[in-house]
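# Observations on chain architecture
Below are the chains, spelled out letter by letter.
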Amino acid sequence: MELEAIAAEVRACEKCGLCKTRTHAVPGEGPADASIMFVGEGPGQKEDEQGRPFVGPAGSLLSQLLLKAGLRRPEVYITNIVKCRPPGNREPLPEEVAACRDFLTRQIAALQPKVICTLGRPASQTLIDPTLSISREHGVARTIGGITYVPLYHPAAALHQQPLQPVLVEDMRRLGPFLKGR
Ligand code: SF4
């Protein structure tokens, strides 16, 4: 299956410098027929240790947020724009995002999701619009090439900036009926 083939390539990938500092690459996970995809920025420490996406504190918050939208985590596909952890959780560099982009493009092509929720500015600017402002455009859906994209704050940002949590909860609650209808 294509998603498994992509995951095997990711685990062996040395296309950018992040391969030198990773413990495990994190290809992504979720059902092959998921109609909703969540795309974050990159693996954190826990994700790097376990080779699975969103398993740390931000992952716990994401699971809670999914419930606000009436979704369960096993229903959605979750990945990141770079599959290996940037050291110290820094933002991925443009050349790292570019090197990894083909994996994400192929995952999207394999899944053919109806909706892609981008988590945080880097993922939103990579997949939706390089000039996108997450503070102005969070929760606002737009359709590109037959896929509906919804930029959201990253759960990790909401953990560090408490005022963002109710905003993210409200976006997820408001999107719930829309996402569930997909
Ligand atoms: S971040 Fe992406 S391109 Fe870079 S080594 Fe990991 S899988 Fe390869």
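Heads up: the structure comes first, above all this text.
Predicted, not measured: the structure shown is a model, and the values here were computed from it.

Calculation rules
Residues numbered from 1 in each chain as written. Predicted model: local features only at pLDDT ≥ 70, side-chain atom pairs only at ≥ 80, totals over all residues. Helix = DSSP H or I, 4+ residues; strand = E, 2+ residues; numbered from the N terminus. Rg over C-alpha atoms; globule rule 2.2 N^0.38 Å. Buried ≥ 20, exposed ≤ 12 C-beta atoms within 10 Å, placed from the backbone. Contact = placed C-beta atoms within 7 Å. Near = placed C-beta within 6 Å. Nonpolar A, V, L, I, M, F, W, Y, C, P; charged D, E, K, R; others polar. Core = buried A, V, L, I, M, F, W, Y, C linked by C-beta atoms within 7 Å. Axes fitted to C-alpha atoms, helices over the stretch in contact; angles between N-to-C directions. Parallel < 35°, antiparallel > 145°, perpendicular 65-115°, else oblique. Left-handed = near helix turned anticlockwise from the far one by under 90°. Pairing = 2+ DSSP bridges.

All right, on to the overall build of the protein chain then. Counting its secondary structure elements, the protein chain contains 8 helices and 5 strands. Listing every helix and strand of the protein chain by position from the N terminus yields α-β-α-α-β-α-β-α-α-β-β-α-α. Taken over the C-alpha trace, the protein chain has a radius of gyration of 15 Å; the compact-globule value for 182 residues is 16 Å, and the two agree within 12%. Seen along its three principal axes, the alpha-carbon backbone of the protein chain occupies a region of about 40 × 35 × 30 Å. Counting the 182 residues in the protein chain, one finds 45% classified as buried. In the protein chain, 71% of the contacts between residues at least 6 apart in sequence involve partners at least 24 apart.

Right, let's get into the site of the ligand. Near the ligand, the surroundings consist of 14 residues, among which C13, C16, C19, C84 and C100 are the closest. Here the element with the most residues in the shell around the ligand is helix 4 (residues 94-111); it accounts for 3 residues. Of the residues belonging to the shell around the ligand, the class tally is 10 nonpolar, no polar and 4 charged.

If you look at the biggest cluster of nonpolar residues, it comprises 50 residues, and the most contacted ones within it are M37, V39, V76 and C117. It is helix 4 that provides the largest number of residues to this core, a total of 6 residues. The residues touching V76, leaving out its near neighbours within four places in the chain, are G30, A34, I36, M37, F38, L66 and L71.

What follows is about the packing of helix 1 (residues 2-12) against helix 4. One can describe the packing of helix 1 onto helix 4 by two numbers: an axis separation of 9 Å at closest approach and a directional angle of 165°. Put simply, helix 1 runs roughly antiparallel to helix 4. Along this stretch, helix 1 crosses helix 4, giving a crossing that reads as left-handed. In this structure, helix 1 contributes E2, L3, I6 and V10 to the contact, and helix 4 contributes F103, R106, Q107 and A110.

Its place among the elements puts R90 in the loop between strand 2 (77-80) and helix 4. On the basis of neighbour counts, which here come to 9 C-beta atoms within 10 Å, the residue R90 falls in the exposed class. Considering only alpha carbons, one finds R90 and L175, 85 residues apart in sequence, at a separation of 29 Å.

The next thing to look at is the pairing of strand 3 (residues 115-119). Here strand 3 lies mainly inside the structure; 5 of its 5 residues are buried. Pairing of strand 1 (residues 36-40) with strand 3, which is carried by 4 bridges, proceeds in the parallel orientation. What sits directly across from V39, in strand 3, is T118. Relative to strand 5 (residues 147-152), strand 3 runs parallel, the two sharing 5 bridges. Counterpart to T118 in the pairing with strand 5 is P151.

Its location among the elements puts A7 in helix 1. C-alpha of A7 to C-alpha of R136: the two residues are 129 residues apart in sequence and 34 Å apart in space.

Turning our attention to the pairing of strand 5. Bridge count for strand 4 (residues 142-144) against strand 5 is 3 bridges, and the pairing is antiparallel. When the bridges of strand 5 are listed, I144 appears paired with I147.

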